[in-house]
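Listed here are the chains, written in short residue letters.
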Amino acid sequence: MSRVHDDERLAGVYQGGNEMPDASLRDWVHLIGSFAGRSSPAVVEIGAGTGMFCSAMARWLMPSGVVGVDASLPMLTQAQRFNSHPAVHYLAGTAEAVPTRSDLFDLAVLSRVIHHLPDRVRVARELARILKPGGVTVIRTTFRERLDALVYDYWPRLRELDEQRFPSQFEVLEDFAAAGFTVRTVTSFARPVTASLRDYHARMRSQPQSKFTQLTVAEFREGLRRLHSDAQDEPTTCPVPVAERYDIAVLSTS
């Protein structure tokens, strides 16, 4: 996993810069949980970050337990701060070496992390180890061929860079197939992340995603200036919520 997530500054702003309204988060959790195939699933999130999805799944899925794994100690510190829950246990570990026993989980979730994992076949084999027979992996990402987030409108070089960093749908599915996974479905889902463009601008000021580390100070400031201008032009009486769309790949073990 990329070591950029050991950045304490990024960990400190990640929760506030990536949280979403409860209604949106609940919709995401219900969608992800619908693929588990059983009630009260045992869940693991790989690359849990600040634990937003871990605590949400504990709240709305009624799981038997949730384990959040992340390689970044600063992120795990923030997870304990913002998203502690009696049903959630956070562990330091990597996607290639999850520190749990085998055949333990019904559902594995990888949200916005697959592009940080260069050896996807090794990751898939590790997921196959920790999942029960018939267990399910849900990958939440944006595949290379569908990079359509609003952030690219204001920082277009980020799209160019992400076209190099993000895998394609074919590459991900092929790598997981090599580890014995079967594709159940590939779909997409979008929900609001902020109530207005003004709120989105306020969020982006903190550079809350690792991709911003690839920009120069001048590039970031120029994009933020244009975003601020558009946000100021937005009518305060009828703001438009900003939605983000993600691809969802659902794969199962034999």
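Given the structure is predicted, the values throughout are model-derived calculations rather than measurements.

Asks: Help me understand the overall build of the protein chain in this model?
Replies: Per the secondary structure count, the protein chain includes 10 helices and seven strands. In terms of C-alpha radius of gyration, the protein chain reaches 18 Å, essentially the compact-globule figure of 18 Å for 254 residues. Over its C-alpha atoms, taken along the principal directions, the protein chain stretches across nearly 55 × 35 × 30 Å. The buried share of the protein chain, taken over its 254 residues, is 55%. With an accessible surface of roughly 11000 Å², the protein chain has 51% of that area assigned to carbon and sulfur atoms. Placing the 29 positive and 30 negative side-chain charges of the protein chain at their respective mean positions leaves the two points 3 Å apart.

Asks: I'm lost on the environment of Ser-210 in this one. Help?
Replies: Take Ser-210: it is sitting in the loop between helix H9 (197-204) and helix H10 (217-233). According to the relative accessible area criterion, Ser-210 is buried, its value standing at 8%. Along the sequence, Ser-210 and Thr-194 sit 16 residues apart, while their C-alpha atoms lie 19 Å from each other.

Asks: I would appreciate a short explanation of empty space enclosed by the protein in the present structure.
Replies: To locate leftover empty space, one rolls a probe as large as a water molecule over the atoms. Applying the stated criterion across every chain, the model contains one cavity of 30 Å³ or more. By volume, the largest cavity amounts to about 610 Å³. If you trace the largest cavity, you find 43 residues lining it, with Tyr-14, Asn-18, Ser-111, Arg-112 and Tyr-246 closest to the centre. Within the residue set of the lining of the largest cavity, elements represented by two or more residues are helix H1 (8-18), helix H3 (52-60), strand E5 (131-141), helix H6 (151-154), H9 and strand E7 (242-252). Take the lining of the largest cavity: its biggest share by element is four residues, from H1. Across the lining of the largest cavity, the residue classes tally to 17 nonpolar, 15 polar and 11 charged.

Asks: I tried to follow the side chain of Thr-137 on my own but got confused; where do I start?
Replies: Its location among the elements puts Thr-137 in strand E5. On the accessibility criterion, Thr-137 (0% relative accessible area) is buried. If near-sequence neighbours (up to four positions away) are discounted, Thr-137 is found in contact with Ala-108, Leu-110, Leu-127, Leu-131, Phe-176, Phe-181, Ala-249, Val-250 and Leu-251.

Asks: When you look at the nonpolar core in this model, what are you seeing that I'm missing?
Replies: Buried together is how nonpolar side chains tend to be arranged in soluble globular proteins. Core analysis: the biggest nonpolar cluster contains 49 residues, and Trp-28, Phe-53, Leu-107, Val-138, Trp-155, Leu-158 and Phe-212 have the highest contact counts within it. For this core, the leading source of residues is H3, giving six residues. Sequence-distant contacts of Trp-28, defined by excluding residues within four places in its chain, comprise Met-20, Phe-53, Arg-140, Phe-189, Arg-191, Tyr-246 and Ile-248. Grouped together as the second largest cluster of nonpolar side chains are 28 residues, Val-44, Val-67, Leu-131 and Leu-173 included.

Asks: Just to check I follow, could you spell out the sheet that holds strand E3 (residues 88-92) for this structure?
Replies: Adjacent strands of a sheet pair through backbone hydrogen bonds, lying either parallel or antiparallel. Here seven strands make up an open sheet; going across it, the order is E3-E2-E1-E4-E5-E7-E6 and the pairing mixed. The sheet is open, and its two edges are formed by E3 and strand E6 (182-194), each paired on a single side. Here the average twist between neighbouring strands, direction ignored, is 20°. Bridging between strand E1 (residues 42-46) and strand E2 (residues 65-70) involves five bridges; their strand directions are parallel. Counted as the bridge partner of Glu-45 is Gly-68 from E2. Together, E1, E2, E3, strand E4 (105-111) and E5 form the strand contacts of H3, whose direction differs from that of E3 by roughly 155°. Together, E1, E4 and E5 form the strand contacts of helix H5 (residues 120-130), whose direction differs from that of E5 by roughly 135°.

Asks: What exactly am I supposed to notice about the pattern of salt bridges here?
Replies: If the charged atoms of two oppositely charged side chains come close together, the side chains can form a pair. Evaluation of the coordinates by the stated rule reveals 16 salt bridges. Residues Glu-219 and Arg-157 are paired through a salt bridge, measuring 2.7 Å at the closest nitrogen-oxygen approach. With Glu-219 in helix H10 and Arg-157 in helix H7 (residues 156-165), this residue pair connects regions lying 62 residues apart in the sequence. For Glu-219, a relative accessible area of 28% translates into the label partly exposed. Its relative accessible area of 29% is what places Arg-157 among the partly exposed residues. Two residues, Arg-225 and Glu-222, come together in a salt bridge whose shortest N-O distance is 2.7 Å. With Arg-225 and Glu-222 both in helix H10 and three residues apart, the pair spans about one turn of that helix. Look at Glu-222 and you get partly exposed, because its relative accessible area is 36%. Linked by salt bridges that have partners in common, Arg-146, Asp-148, Arg-245 and Asp-247 make up one network.

Calculation rules
Residues numbered from 1 in each chain as written. Predicted model: local features only at pLDDT ≥ 70, side-chain atom pairs only at ≥ 80, totals over all residues. Heavy atoms only, no water. Helix = DSSP H or I, 4+ residues; strand = E, 2+ residues; numbered from the N terminus. Rg over C-alpha atoms; globule rule 2.2 N^0.38 Å. Buried < 20%, exposed > 50% of the residue type's maximum accessible area, 1.4 Å probe, protein only. Areas by Shrake-Rupley, 256 points an atom, 1.4 Å probe, with all protein chains shown as cover. Lys, Arg positive; Asp, Glu negative; His and termini not counted. Charge placed at Lys NZ, Arg CZ, Asp CG, Glu CD. 1 Å grid on protein atoms, 1.4 Å probe; cavity = no way out; pocket = protein on both sides within 12 Å on 5 of 7 lines; lining within 4 Å. Points joined across faces, edges and corners; volume = space filled by probe spheres on them. Nonpolar A, V, L, I, M, F, W, Y, C, P; charged D, E, K, R; others polar. Contact = heavy atoms within 4.5 Å. Core = buried A, V, L, I, M, F, W, Y, C linked by side-chain atoms within 4.5 Å. Pairing = 2+ DSSP bridges. Axes fitted to C-alpha atoms, helices over the stretch in contact; angles between N-to-C directions. Salt bridge = Lys/Arg side-chain N within 4 Å of Asp/Glu carboxyl O.

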